[in-house]
Amino acid sequence: MTAQTDTPGSVTAVYQVTGMSCGHCEGSVSAEISELAGVTSVKAMAATGEVTVVSEAPLDEAAVRAAVDEAGFELADHA
């Protein structure tokens, strides 16, 4: 995951998710992450496996991992 602050009160984080292969996969991951408190935007890209999340504050990685797991995919470990 990489994170950066875009605007005051807004944090953008990019997560790597394994197993996404189509638009339905993107929708499933986006829907689960969107339910997390403070999330304002989610964009999943199956082609790259990247999920870009904009939130009001940094998200707990365990919560993001649980949401991705609920969608049936896996949050890649980062080095």
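To start, this report covers the structure provided alongside it.

### Describing the side chain of Ser55
The topology assignment puts Ser55 in strand 4 (residues 50-55). Side-chain polar atoms of Ser55 contact the backbone oxygen of Ala57, separated by 2.6 Å.

### Side note on the environment of Ala13
Examined against the element boundaries, Ala13 turns out to sit in strand 2 (residues 11-18). Ala13 gets classed as buried once you look at its relative accessible area, which sits at 7%. In this structure, the C-alpha to C-alpha distance between Ala13 and Val53, residues 40 residues apart in sequence, is 5.3 Å.

### Some remarks on the pattern of salt bridges
As enumerated under the stated definition, the model contains one salt bridge in all. The partner of Arg65 in a salt bridge is Glu61, with the nearest N and O atoms 3.2 Å apart. One end of the pair is Arg65 and the other is Glu61, both in helix 2 (residues 61-70) and four residues apart, which spans about a single turn. We classify Glu61 as partly exposed; its relative accessible area is 23%.

### So, a negative patch on the surface
Together, Glu35, Asp69, Glu70 and Glu74 make up a negatively charged patch on the protein surface. Relative to the assigned elements, Glu35 resides in the loop between helix 1 (23-34) and strand 3 (39-45).

### A few points about the nonpolar core
By size, the foremost hydrophobic cluster in this structure holds 21 residues, and its most contacted members are Met20, Ile33 and Val51. The set of elements that each furnish at least two residues to this core consists of strand 2, helix 1, strand 3, strand 4 and helix 2. With residues near it in sequence (within four places) discarded, Ile33 still touches Val39, Val42, Val51, Val53, Val64, Ala67 and Val68.

### Some details on helix 1
For helix 1, which comprises 12 residues, the first-to-last C-alpha distance of 16 Å matches the rise-based estimate of 16 Å (1.5 Å per residue) to within 8%. The set of residues buried in helix 1 consists of Cys25, Val29, Ser30 and Ile33. Viewed end-on, helix 1 has its buried residues packed into an arc of 125°, placing them on one side of the element. At its buried positions, helix 1 is contacted by strand 2, strand 3, strand 4 and helix 2.

Cut-offs used in this document
- In every chain, residue numbers begin from 1 and rise along the written sequence.
- Where totals are concerned, whole chains, interfaces and linings use all residues; where local detail is concerned, this predicted model gives features only for residues with pLDDT of at least 70, and gives and counts side-chain atom pairs only at 80 or more.
- To obtain the side-chain values, all non-hydrogen atoms of the structure were used and water was disregarded.
- Strands here are runs of E lasting at least two residues and helices are runs of H or I lasting at least four, both read from the DSSP assignment and numbered beginning at the N terminus.
- Polar contacts here mean pairs of N or O atoms no more than 3.5 Å apart (in protein, one a potential hydrogen donor and the other a potential acceptor; neighbouring residues in sequence count only if both atoms are side-chain atoms).
- Burial classes follow relative accessibility: with a 1.4 Å probe on protein chains only, a residue under 20% of its type's maximum area counts as buried, one over 50% as exposed, and anything between as partly exposed.
- Here, a salt bridge means any side-chain nitrogen of Lys or Arg that lies within 4 Å of a carboxyl oxygen of Asp or Glu.
- Put simply, a patch holds well-exposed residues, over 30% relative accessible area, that have no salt bridge, with like charges counted together within 9 Å and Val, Leu, Ile, Met, Phe, Trp or Tyr side chains within 5 Å.
- Residue burial considers only the protein chains on display, and all accessible areas are found by Shrake-Rupley using a 1.4 Å probe.
- Charge assignment in this entry is limited to Lys and Arg as positive and Asp and Glu as negative, and neither His nor the chain termini are counted.
- The atoms used to mark charge sites are NZ of Lys, CZ of Arg, CG of Asp and CD of Glu.
- Definition of nonpolar core: a set of buried residues of the types Ala, Val, Leu, Ile, Met, Phe, Trp, Tyr and Cys, connected through side-chain atoms within 4.5 Å.
- Contact criterion: two residues are considered in contact whenever any of their non-hydrogen atoms come within 4.5 Å of each other.
- Helix span, expected: 1.5 Å multiplied by one less than the number of residues in the helix.
- Directions are taken from the helix axis to each C-beta atom, and the arc is the one they span.

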